[in-house]
Amino acid sequence: MISVAVAAIAVLAGCSGNGPEQNETASNAVASENAASEPRSPDGKRYLAQPLVKDLFFADPSAHVFNGKIYVYPSHDVDAGIPDDDLGSQYAMHDYQVLSMDRPGGPVTVHPVALDLKQIPWASEKAWAPDAAYKNGTYYLYFPAKDKQGVFRVGVATSSTPVGPFKAEPKPIEGAYSMDPAVFTDDDGQSYLYVGGIWGGQLQRWATGKYDPNAGDTDLKKDDQPALSGKVARLSADMKSLAEPLRDATILDENGKPVLGGDHDRRFFEGSWTFKRGGKYYYMYSTGDTHFLAYAIGNSPYGPFKYTGRVLEPVQGWTSHGSVFEFDGKWYLAYHDSQLSNKNHLRSAKITELRFRPDGTIETLNPLKD
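For clarity, every value in this text was computed on a predicted model and none was experimentally measured.

S.K.: I would appreciate a short explanation of the packing of aromatic side chains in the present structure.
M.R.: A ring pair, where both rings are aromatic, is described by two values, the distance of the centres and the angle of the planes. The full count for this structure, using the stated rule, is 28 aromatic pairs. Ring geometry for Trp128 versus Phe152: centroids 4.8 Å apart, planes at 45 degrees, classification tilted. Here Trp128 is found in the loop between β6 (123-125) and β7 (131-135), whereas its partner Phe152 is found in strand β9 (residues 152-159), with 24 residues between them in sequence. The two residues Trp128 and Phe152 agree in class, both being buried.

S.K.: Even after reading the chapter, I still don't get the nonpolar core, so can you show me in this structure?
M.R.: One broad trend across soluble globular proteins is that nonpolar side chains are buried collectively. Tyr142, Leu193, Leu333 and Leu354 are the most contacted members of the largest nonpolar core, which has 59 residues in total. Grouped together as the second largest cluster of nonpolar side chains are 21 residues, Tyr71, Tyr73, Tyr96 and Ala132 included.

S.K.: What is the right way to look at the confidence of the model for the protein chain in this model?
M.R.: Caution applies to low-pLDDT regions: their predicted coordinates should not be interpreted in detail. Of the residues in the protein chain, 91% reach a pLDDT of 70 or more, and the chain-wide mean stands at 93. Confidence over residues 1-17 falls short of pLDDT 50; this stretch has 10 contacts with residues more than four positions distant or in other chains.

S.K.: So what exactly am I meant to see when it comes to the pattern of salt bridges here?
M.R.: Any two side chains of opposite charge can pair, on the condition that their charged atoms come close. Counted under the stated rule, the structure contains 21 salt bridges. Close ionic contact of Asp370 with Arg46 constitutes a salt bridge, the shortest N to O distance being 2.9 Å. Placement of Asp370 in the segment after β23 (368-369) and of Arg46 in strand β1 (residues 46-47) is noted, with a sequence separation of 324 residues between them. Overall, Asp370 belongs to the exposed group, its relative accessible area being 60%. Taking the relative accessible area as the measure of exposure, Arg46 reaches 15% and is therefore buried. Between Asp248 and Lys231 there is a salt bridge, with the nearest N and O atoms lying 2.4 Å from each other. Within this pair, whereas Asp248 is found in strand β14 (residues 247-249), its partner Lys231 is found in strand β13 (residues 230-234), the two being separated by 17 residues in sequence. The exposure class of Lys231 is buried, given its relative accessible area of 13%. Through salt bridges with shared partners, a single ionic network connects Glu38, Arg40, Arg46, Lys369 and Asp370.

S.K.: Would you mind showing me how to read the sheet that holds strand β19 (residues 305-312) here?
M.R.: Two pairing modes exist for strands in a sheet, parallel and antiparallel, and in both the strands are linked by backbone hydrogen bonds. One open sheet holds the five strands; their spatial order is β15-β19-β18-β17-β16, and the pairing between them is mixed. The open sheet has two free edges, formed respectively by β15 (251-252) and β16 (270-277), since each of these has just one partner strand. Looking at chain direction, β15 and β19 are connected through two bridges and run parallel. Following the sheet pairing, Ile251 is matched in β19 by Phe305.

S.K.: What am I meant to see in the pairing of β9 here?
M.R.: A regular strand places its side chains on the two faces of the sheet in alternate fashion. For β9, the buried fraction is high: seven of the eight residues fall into the buried class. Two strands pair when backbone bridges link them, and strand β8 (residues 138-147) and β9 are joined in this way by eight bridges, in the antiparallel orientation. Looking at the pairing, Lys146 lines up with Phe152 of β9. Following β8, the chain reverses through four residues before pairing antiparallel with β9; Gly150 in that reversal takes a positive phi of roughly 85 degrees. Here two bridges tie β9 to strand β10 (residues 167-168), and the two strands are oriented antiparallel to one another. Within the sheet, the bridge partner assigned to Thr158 lies in β10 and is Lys167.

S.K.: Looking at this structure, I do not really get unusual backbone geometry. What am I missing?
M.R.: Excluding glycine, residues mostly carry a negative phi; peptide bonds, for their part, are mostly trans. Gly164 connects to Pro165 through a cis peptide bond whose omega is 10 degrees. Along the polypeptide, Pro165 turns up in the loop between β9 and β10. The omega torsion across Gly303 and Pro304 is 0 degrees, close enough to zero to call that bond cis. Along the chain, the position of Pro304 falls in the loop between β18 (293-298) and β19.

Each value, and the rule that gives it
- Residues numbered from 1 in each chain as written.
- Predicted model: local features only at pLDDT ≥ 70, side-chain atom pairs only at ≥ 80, totals over all residues.
- Heavy atoms only, no water.
- Phe/Tyr/Trp six-rings, centres within 6.5 Å; stacked < 30°, edge-to-face > 60°.
- Helix = DSSP H or I, 4+ residues; strand = E, 2+ residues; numbered from the N terminus.
- Buried < 20%, exposed > 50% of the residue type's maximum accessible area, 1.4 Å probe, protein only.
- Core = buried A, V, L, I, M, F, W, Y, C linked by side-chain atoms within 4.5 Å.
- pLDDT = per-residue confidence, 0-100.
- Contact = heavy atoms within 4.5 Å.
- Salt bridge = Lys/Arg side-chain N within 4 Å of Asp/Glu carboxyl O.
- Pairing = 2+ DSSP bridges.

Shown next, in the form of structure tokens:
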């Protein structure tokens, strides 16, 4: 109906010889009709972007450009009938599928299962947010999962194609722990692995460098002390092991001091993502219970990173997790929300353009319009 209305308005405008003002009025009428037909959030607002896939649920999208094509590596949400809790028990993902498209906004292909939890010898459950990398003809899929003892580890699998299938290494990466692995490859070809997430991601249980199952379910509960940091380490040449121990990816405040544990609007919660632009390193992350995608900027892939602002305001749903990529000279944010289900554990991946100001700061996005 909308397309017919547009055509009718165009024909009328052409036949009657309407001037600019009348044409503008017609255009505004079409825009209003289009807006009225758009999907709305529970509070009546329009969405900034629409789901990439509408018949399956994909979250935590890690987007990359390989050979001129966009590949998105998400987690695959399923409904296991588990109630919500602070440990993320409701997120019962058990396999990975890759999404691909020729351009932002283009048709999306959902590829067959690339890796199943049953194919990971050391894992027991929770195939959460993954990431991918490429080097010397091999594609690497990095993923978190709980081992047989219920401890989150980070594993890696390999494939000759970006969409898999991937074959998992028999053991997790030595020295890597918690969740949300993300790989950044610098201009010199050196790659770095970022990991970490508090609460269900168990990062608080590694605060001493060793796993302590009694260290709590949330954070250190020390609001006046530096917050827990995400971790980073350089990857070895084989891309399957760490070349060094994990270290803190510290986030600093405006005074050059580490952000405190009580600063929930700025402290790290989960979902590290690093990219480089204009010679600077951007470290994006989720603030968790305050639901922001925040970012900080540094001069090294290790940090420290100075808190700079927000990439994305809270989405519909509890979690927020994203990635940033460049395609054809423009920058984009991949993220998720619960538009299709309105359930925290059934989320949909989306992509929208990301804009930078002349000083390199990011124009904060609002996922809802109106």
